[in-house]
Amino acid sequence: DGHSVVDVVDGLDALTLLREEPFDLVITDNTMAQVSGLQLLNLIRGNRTGAVITLPVIVISGEPIGDQVRALGGHYLPKPCHARDLRSLIAQMIS
């Protein structure tokens with residue numbers, strides 16, 4: 001759909017990359033090595049630079065963590081999820 005994707009090994013790599021480059025959106029699974037998606041969202045929000053605080057974040061999970069994700073200003077997509085649902089959410093967030 002015309003988007004560029006950058007993938008990383010884990011949440012710590014994502015955090016490092018977010019400090020080095022600007023991104024329009026973060027999509028993360030909750031289950032990752034070292035740092036969960038929820039922890040990553042918390043770390044992103046804990047960095048008080050304006051760009052990171054307003055950065056849209058989607059956390060995908062099979063666990064019922066939607067309330068926690070939303071409390072941190074993120075967007076929750078439950079598993080199993082369909083590509084059309086993800087594309088729709090992305091379009092809403094970066095339009």
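Residues numbered from 1 in each chain as written. Predicted model: local features only at pLDDT ≥ 70, side-chain atom pairs only at ≥ 80, totals over all residues. Heavy atoms only, no water.

K.L.:
Go over the overall build of the protein, please, and point to the residues and values.
P.N.:
Counting secondary structure elements, the protein contains 5 helices and 3 strands. For 95 residues, the compact-globule formula gives about 12 Å, and the C-alpha radius of gyration of the protein, at 12 Å, lands near that figure. Overall size of the protein, expressed as C-alpha extent along the three principal axes, is 30 × 30 × 25 Å. A separation of at least 24 residues holds for 49% of the contacts in the protein among residues at least 6 apart in sequence. Counting only carbon and sulfur atoms, one obtains 53% of the accessible surface of the protein, whose full area is about 6000 Å². Counting 7 positive and 11 negative side-chain charges, the protein places the centres of these two groups 7 Å from one another. (Helix = DSSP H or I, 4+ residues; strand = E, 2+ residues; numbered from the N terminus. Rg over C-alpha atoms; globule rule 2.2 N^0.38 Å. Contact = heavy atoms within 4.5 Å. Areas by Shrake-Rupley, 256 points an atom, 1.4 Å probe, with all protein chains shown as cover. Lys, Arg positive; Asp, Glu negative; His and termini not counted. Charge placed at Lys NZ, Arg CZ, Asp CG, Glu CD.)

K.L.:
Now, about the pairing of strand β3 (residues 75-78): what can you tell me, with residues and values included?
P.N.:
Relative to β3, strand β2 (residues 57-61) runs parallel, the two sharing 4 bridges. If you follow Ile-60 over to β3, its bridge partner there is Leu-77. After leaving β2, the chain enters helix α4 (residues 66-71) and then returns to the sheet as β3, a path that is right-handed. (Pairing = 2+ DSSP bridges. Right-handed = clockwise from strand over helix to strand, strands pointing away.)

K.L.:
Outline the sheet that holds strand β1 (residues 26-29), listing residues and values.
P.N.:
In spatial order, the strands read β1-β2-β3; together these 3 strands make up an open sheet with parallel pairing. Lying at the two open borders of the sheet, with one neighbouring strand each, are β1 and β3. Looking at each pair of strands side by side, their axes are set apart by 20° on average, direction ignored. Pairing of β1 with β2, which is carried by 4 bridges, proceeds in the parallel orientation. Paired with Thr-28 across the bridge in β2 is Val-59. (Axes fitted to C-alpha atoms, helices over the stretch in contact; angles between N-to-C directions.)

K.L.:
Explain the packing of helix α1 (residues 11-20) against helix α2 (residues 37-46) to me, using residue names and the numbers behind them.
P.N.:
At their nearest, the axes of α1 and α2 sit 10 Å apart, and the two run at 25° to each other. Classified by the angle their axes make, α1 and α2 are roughly parallel. α1 and α2 meet at a crossing whose hand is right-handed. Contact residues: α1 offers Gly-11, Ala-14, Leu-15 and Leu-18, while α2 offers Leu-40, Leu-43 and Ile-44. Among the residues forming the contact of α1 with α2, the class breakdown is 6 nonpolar, 1 polar and no charged. (Parallel < 35°, antiparallel > 145°, perpendicular 65-115°, else oblique. Left-handed = near helix turned anticlockwise from the far one by under 90°. Nonpolar A, V, L, I, M, F, W, Y, C, P; charged D, E, K, R; others polar.)

K.L.:
I'd like a description of the nonpolar core, backed by residues and values.
P.N.:
If you look at the biggest cluster of nonpolar residues, it comprises 15 residues, and the most contacted ones within it are Val-26, Leu-40, Ile-44, Val-57, Val-59 and Val-69. Among the elements of the structure, α1, α2 and β2 are those that each provide at least two residues to this core. In terms of nonpolar packing, the next biggest core, distinct from the first, is built from 7 residues, Leu-25, Leu-77, Leu-89 and Ile-90 among them. (Core = buried A, V, L, I, M, F, W, Y, C linked by side-chain atoms within 4.5 Å. Buried < 20%, exposed > 50% of the residue type's maximum accessible area, 1.4 Å probe, protein only.)

Limitation: the analysis is restricted to geometry and does not speak to function.
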